[in-house]
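# Fold and contact review
Listed below, chain by chain, are the residues.
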Amino acid sequence: MAKIVGGICTTHVPYIGRAIAKNLQQDPYWKPFFDGFPPIHAWLDQVKPDVAVVVYNDHGLNFFLDKMPTFSIGAAPEYHHADEGWGIPTTGSFMGDQDLSWHMIDSLIEDEFDLTTCQEMLVDHAFTIPIDLLLPNRQAGSIRTVPVCQNTVQFPLPSAKRCLAFGRAIRKAIESWDSDARVVVLGTGGLSHQLDGERAGFINKKFDLEFMDKLVSEPDWVSQYSIPDIVELTGTQGVELLNWVTCRGVLGDKVKIVHSNYHIPISNTAAGTLAMESI
Ligand code: DHB
Ligand code: FE
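Residues numbered from 1 in each chain as written. Chains lettered and ligands numbered in written order. Predicted model: local features only at pLDDT ≥ 70, side-chain atom pairs only at ≥ 80, totals over all residues. Heavy atoms only, no water.

In the annotation of an unreviewed UniProt entry, the protein is listed under the name Protocatechuate 3,4-dioxygenase and assigned to Magnetospirillum moscoviense.

Printed below as a string of structure tokens:
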């Protein structure tokens, strides 16, 4: 059966794509952020994942406000990167894993998560930036991927409790996949940020750090907050932390931290990174 090697949650700010393209990792603005990754690269070199299940939110590239699935999943042979307007360099396409996609779809629908299945899917910065951060020398074909998209954009959004249950159902699906593949799960976005309106630039370090702490030790803690509470506490885009919640659900009851980092700001965003391993 397939093995879940661990999970990594990190921000997906598009501006990072430009810093990578221009090799600015040692630049004083970027260094405290990029310094969060070498220990995770070393861990990835040890656990050697074959497949990444990437939990993220689409920002208007595949789904716009007129059609917005709550949960959707890719089942394509490959996924092309398209930039939905940030002017970042587009990277090569990503290999899919259709066997895992369809196994997850069957298992999740059996478990009453009524997904939208996408046999064609473009991926935006929320999918590509974390992979480029984690696998900086990614060769075409070096890792297979399954995109899992959650609506964190157009109300009503799924609750934190629902995302945690979704993650737990994804765990059950991966663990019942008849394969000897090693699977890493990613949760992208957040932490606190608000890009628009009167509170543009809003960041809440106190909440972010508590969230990271509780995500490790007590993942159900976040379920006490409604979506409006989370928006108030973390900003209109901070609610992307729902992708971290789903990722945590995939990792099972107990986890230990592989590495964590928190740096303010990258662009408008509190850039959190948290790599975890199930114990
Ligand atoms: C930024 C953050 C995001 O999550 C995003 O999707 C786009 C931009 C930012 O801080 O610039
Ligand atoms: Fe975003």
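Continuing now.
## A word on the overall build of the protein
For the protein, the count of helices and strands is 9 helices and 11 strands. On C-alpha atoms alone, the protein measures out to a radius of gyration of 17 Å, which is about the 19 Å that the 2.2 N^0.38 rule sets for 279 residues. With the principal axes as the frame, the protein shows a C-alpha extent of 45 × 40 × 40 Å. Burial analysis of the protein (279 residues in total) assigns 54% to the buried set. At a minimum sequence separation of 6, the contacts of the protein that also span at least 24 residues come to 80%. Counting only carbon and sulfur atoms, one obtains 50% of the accessible surface of the protein, whose full area is about 11,700 Å². Each charge class in the protein was averaged separately, 21 positive and 34 negative side chains, and the resulting centres sit 7 Å apart. (Helix = DSSP H or I, 4+ residues; strand = E, 2+ residues; numbered from the N terminus. Rg over C-alpha atoms; globule rule 2.2 N^0.38 Å. Buried < 20%, exposed > 50% of the residue type's maximum accessible area, 1.4 Å probe, protein only. Contact = heavy atoms within 4.5 Å. Areas by Shrake-Rupley, 256 points an atom, 1.4 Å probe, with all protein chains shown as cover. Lys, Arg positive; Asp, Glu negative; His and termini not counted. Charge placed at Lys NZ, Arg CZ, Asp CG, Glu CD.)

## Examining the site of ligand 1
Inspection of the region around ligand 1 gives His12, Val13, Pro14, His59, Trp86, His125, His193, Leu195, Glu240, Ser267, Asn268 and Thr269 as its neighbouring residues. Here an oxygen atom of ligand 1 sits 3.1 Å away from a polar atom, N or O, in the side chain of histidine 12. Across the complex, the protein chains shield 97% of the 300 Å² of accessible surface that ligand 1 would expose by itself. The cavity that encloses ligand 1 is the largest pocket. Looking at the shell around ligand 1 residue by residue, the class counts come to 4 nonpolar, 7 polar and 1 charged. (Near = heavy atom within 4 Å. Polar contact = N/O pair within 3.5 Å; in protein donor to acceptor, adjacent residues only side chain to side chain. 1 Å grid on protein atoms, 1.4 Å probe; cavity = no way out; pocket = protein on both sides within 12 Å on 5 of 7 lines; lining within 4 Å. Sits in = over half its atoms within 2 Å of the grid points. Nonpolar A, V, L, I, M, F, W, Y, C, P; charged D, E, K, R; others polar.)

## A short note on the packing of helix α6 (residues 160-175) against helix α9 (residues 241-250)
It is the contact of α6 with α9, at a shortest axis distance of 6 Å, that shows an interaxial angle of 40 degrees. Relative to α9, the element α6 lies oblique. As for how α6 packs across α9, the hand of that crossing is right-handed. Contact residues: Ala160, Cys163, Leu164, Phe166, Gly167, Arg168, Ile170, Arg171 and Ile174 in α6; Leu242, Val245, Thr246, Gly249 and Val250 in α9. Within the contact of α6 with α9, the residues separate by chemical class into 9 nonpolar, 3 polar and 2 charged. (Axes fitted to C-alpha atoms, helices over the stretch in contact; angles between N-to-C directions. Parallel < 35°, antiparallel > 145°, perpendicular 65-115°, else oblique. Left-handed = near helix turned anticlockwise from the far one by under 90°.)

## Considerations on the coordination of the iron ion (ligand 2)
Protein-derived ligands of the iron ion (ligand 2) are His12 (NE2), His59 (NE2) and Glu240 (OE), with the metal-ligand distances lying across 2.0 to 2.3 Å. The sequence motif formed by the donor residues of the iron ion (ligand 2) is H-x46-H-x180-E. Residue histidine 12 is found in the loop between β1 (3-10) and α1 (15-21), and its partner glutamate 240 is found in the loop between α8 (227-234) and α9; the two are separated by 228 residues along the sequence. Here histidine 12 and glutamate 240 have matching classes, each one buried. (Donors = N, O, S within 2.8 Å, 3.2 Å for Na, K, Ca; no water.)

## Looking at the environment of glycine 249
One can find glycine 249 in helix α9. When the C-alpha positions of glycine 249 and aspartate 111 are compared, they lie 15 Å apart, and in sequence the two are 138 residues distant. Every residue in contact with glycine 249, bar those within four places of it in the chain, is listed here: Leu164, Gly167, Arg168 and Arg171.

## Section: the layout of surface pockets
Size it by volume and the largest pocket reaches roughly 540 Å³. As for the largest pocket, its lining consists of 30 residues, of which His59, Trp86, Leu195, Gln237 and Glu240 are closest to the centre. Residue composition of the lining of the largest pocket, by class: 14 nonpolar, 12 polar and 4 charged. Volume-wise, the second largest pocket comes out at about 240 Å³. Forming the boundary of the second largest pocket are 13 residues, of which His41, Leu44, Asp45, Leu134 and Leu135 lie nearest the centre. A total of 3 residues in the lining of the second largest pocket trace back to one element, the largest contributor, which is helix α3 (residues 38-47). Its residues placed into classes, the lining of the second largest pocket shows 6 nonpolar, 4 polar and 3 charged. (Points joined across faces, edges and corners; volume = space filled by probe spheres on them.)

## Concerning empty space enclosed by the protein
One pass over the full model with this rule turns up 2 cavities of 30 Å³ or more. Approximately 70 Å³ is the volume attributed to the largest cavity. Among the secondary structure elements, those contributing two or more residues to the lining of the largest cavity are α5 (125-134) and β9 (182-188). Residues of the lining of the largest cavity, tallied by class, amount to 10 nonpolar, no polar and no charged. Taken as a whole, the second largest cavity spans an internal volume of roughly 40 Å³.

## Brief notes about the packing of aromatic side chains
Per the stated rule, a full pass over the model turns up 17 aromatic pairs. Between phenylalanine 33 and phenylalanine 34, the aromatic rings sit 5.2 Å apart at their centres with planes inclined by 70 degrees, giving edge-to-face as the arrangement. A single burial state applies to phenylalanine 33 and to phenylalanine 34, both of which are buried. Among the aromatic residues, those joined into a cluster by ring pairs are Tyr15, Tyr29, Trp30, Phe33, Phe34 and Phe37. Across the ring face of phenylalanine 202, the terminal group of arginine 199 is positioned such that the distance to the ring centre comes to 4.1 Å. (Phe/Tyr/Trp six-rings, centres within 6.5 Å; stacked < 30°, edge-to-face > 60°. Lys NZ or Arg CZ within 6 Å of the ring centre and 35° of its normal.)

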